[in-house]
Amino acid sequence: MAISTENLYSTAGIQLPKGACVVIVRTEWNAASIDKLEAGCVKVLQHNKVPFKIVTVPGAFEIPFCIKSYWDAHKYKDDKPFAFIALGCVIRGGTPHFDYVCKGITEGILQVNLCLPVPTIFGVLTTDNQQQVDDRTGGIHGHKGEEAAVTALKMIALKHSFF
């Protein structure tokens, strides 16, 4: 049974700290689908006047390494990110490769979430077919790119409410 999703897209009342910015890490694979996810993220971030940067990696497996490396290179700079958004799309094929990539990216995002002092939002689609991707990039299951950006803003605000 589905629960109400009306608050998934709401940023009403979110108070972000000064200088909050987001880094979107996206893949080259399945570019048309990733472009849709990215567009959803950008729409939400621009609407909320949050600066962002986009970094492109070859595939989903490389996302966690990029996030950790980016953080290490920027953590003492004025432009350090307050959150990362990982965007990828892995579509099941005829080999076990899908399972290995999905497991790797999921565990990798978990690891960076636990070792970095800023959140990484999981905006990676793991689907059986292109129709499921389309359903999640503006179709009947909403827009996972927009949801990822809203989640990033909520997590930034939550983290900074602890101080």
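Because the structure is a prediction, the values reported are computed rather than measured. (Residues numbered from 1 in each chain as written. Predicted model: local features only at pLDDT ≥ 70, side-chain atom pairs only at ≥ 80, totals over all residues. Heavy atoms only, no water.)

What follows deals with the nonpolar core. In this structure, Val22, Ile24, Cys41, Leu45 and Ile85 are the most contacted members of the largest nonpolar core, which totals 24 residues. Leave out the neighbours within four places in its chain, and Ile85 touches Val22, Val23, Ile24, Val25, Cys41, Ile121, Ala148, Ala149 and Ala152. Core analysis: the second largest hydrophobic core is formed by 21 residues, Val57, Phe84, Ala86 and Leu116 among them. (Core = buried A, V, L, I, M, F, W, Y, C linked by side-chain atoms within 4.5 Å. Buried < 20%, exposed > 50% of the residue type's maximum accessible area, 1.4 Å probe, protein only. Contact = heavy atoms within 4.5 Å.)

Bringing the environment of Asp128 into the picture now. With respect to the helices and strands, the residue Asp128 is situated in the loop between β4 (120-127) and α4 (130-136). Residue Asp128 is classed as partly exposed on the basis of its relative accessible area, which comes to 41%. Through-space distance from the C-alpha of Asp128 to that of Gly88 is 14 Å; in sequence the pair is 40 residues apart. Contact partners of Asp128, with chain neighbours within four places excluded, come to Ile91 and Arg92. A polar contact is formed between the side chain of Asp128 and the side chain of Arg92, at a distance of 2.8 Å. (Helix = DSSP H or I, 4+ residues; strand = E, 2+ residues; numbered from the N terminus. Polar contact = N/O pair within 3.5 Å; in protein donor to acceptor, adjacent residues only side chain to side chain.)

So, on to the layout of surface pockets. The calculated volume of the largest pocket comes to roughly 300 Å³. Lining the largest pocket are 18 residues, and of these Trp29, Cys89, Val90, His97 and Val101 sit closest to its centre. Those elements that provide at least two residues to the lining of the largest pocket are β3 (83-91) and α3 (97-115). A breakdown of the residues in the lining of the largest pocket according to their chemical character gives 9 nonpolar, 7 polar and 2 charged. What lines the second largest pocket is a set of 13 residues, and nearest its centre among them are Phe122, Gly123, Val124, Leu125 and Lys144. Only β4, α4 and α5 (144-161) provide two or more residues apiece to the lining of the second largest pocket. For the lining of the second largest pocket, the element with the highest residue contribution is β4, accounting for 7 residues. Looking at the lining of the second largest pocket residue by residue, the classes come out as 5 nonpolar, 5 polar and 3 charged. (1 Å grid on protein atoms, 1.4 Å probe; cavity = no way out; pocket = protein on both sides within 12 Å on 5 of 7 lines; lining within 4 Å. Points joined across faces, edges and corners; volume = space filled by probe spheres on them. Nonpolar A, V, L, I, M, F, W, Y, C, P; charged D, E, K, R; others polar.)

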